[in-house]
Amino acid sequence: MAIKQLSVFVENKQGKLVDTVRTISEAGINIRAMSIADTKDFGILRLIVSDTDKACGLLSDMSIVTKTDVIAVKMDDKAGALCNILTVLSDAGINVEYMYAFTASAEFGAYVVVRVDDVAGAEKVLADKGLATLSVEDIAKI
């Protein structure tokens, strides 16, 4: 099932990242997963959070924020687990644009977040192969 990811453009200057994180932290929003890629002038902070709409509203006052559909696929802690997920997607003709991983509680386990060119197709092929994905409701619970 697709979940929402926030992409936040953060100026690459001392204090800007902490200001961004502090804003959502003080609002009681939990960061479930994150990734940051930088350039000389700014970074793109990608976030999966416990309350996407609230975080988007808060961060939109500070920066450019976009919402993107991504899929968080459960991944076993063993060699070849990621390769299996990527093979399922590739064999279905689905391109992975980017990805990053995170771990949750022992109950929820480890996940790889993938941004793909065909979210609906990816959801179907992953489900057909028995690969579990997180829902919006799961994100709020972990």
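Being a predicted model, the structure only gives us computed values, none of them experimental.

Rules behind the numbers
- Residues numbered from 1 in each chain as written.
- Predicted model: local features only at pLDDT ≥ 70, side-chain atom pairs only at ≥ 80, totals over all residues.
- Heavy atoms only, no water.
- Axes fitted to C-alpha atoms, helices over the stretch in contact; angles between N-to-C directions.
- Helix = DSSP H or I, 4+ residues; strand = E, 2+ residues; numbered from the N terminus.
- Parallel < 35°, antiparallel > 145°, perpendicular 65-115°, else oblique.
- Left-handed = near helix turned anticlockwise from the far one by under 90°.
- Contact = heavy atoms within 4.5 Å.
- Nonpolar A, V, L, I, M, F, W, Y, C, P; charged D, E, K, R; others polar.
- Salt bridge = Lys/Arg side-chain N within 4 Å of Asp/Glu carboxyl O.
- Buried < 20%, exposed > 50% of the residue type's maximum accessible area, 1.4 Å probe, protein only.

Novice: Sorry if this is basic, but what is going on with the packing of helix α3 (residues 81–91) against helix α4 (residues 119–128) here?
Specialist: Axis angle and axis distance: for two packed helices, these are the angle between their axes and the distance between the axes, and together they describe the pair. The contact between α3 and α4 brings their axes to 10 Å, and the two run at 125 degrees. One finds that α3 runs oblique with respect to α4. Crossing handedness for the pair α3 and α4: right-handed. From α3, Ile-85, Val-88 and Leu-89 reach across to α4, where they touch Ala-122, Val-125 and Leu-126. Considering only residue class, the contact of α3 with α4 consists of six nonpolar, no polar and no charged.

Novice: Teacher, can you tell me more about the pattern of salt bridges here?
Specialist: Once their charged atoms are close, side chains differing in charge can pair, the charge on each being opposite to the other. The full count for this structure, using the stated rule, is six salt bridges. With its nearest N and O atoms 2.7 Å apart, the salt bridge here joins Lys-4 to Asp-69. Residue Lys-4 is located in strand β1 (residues 2–11), and its partner Asp-69 is located in strand β4 (residues 65–75); the two are separated by 65 residues in the primary sequence. Lys-4 gets classed as partly exposed once you look at its relative accessible area, which sits at 37%.

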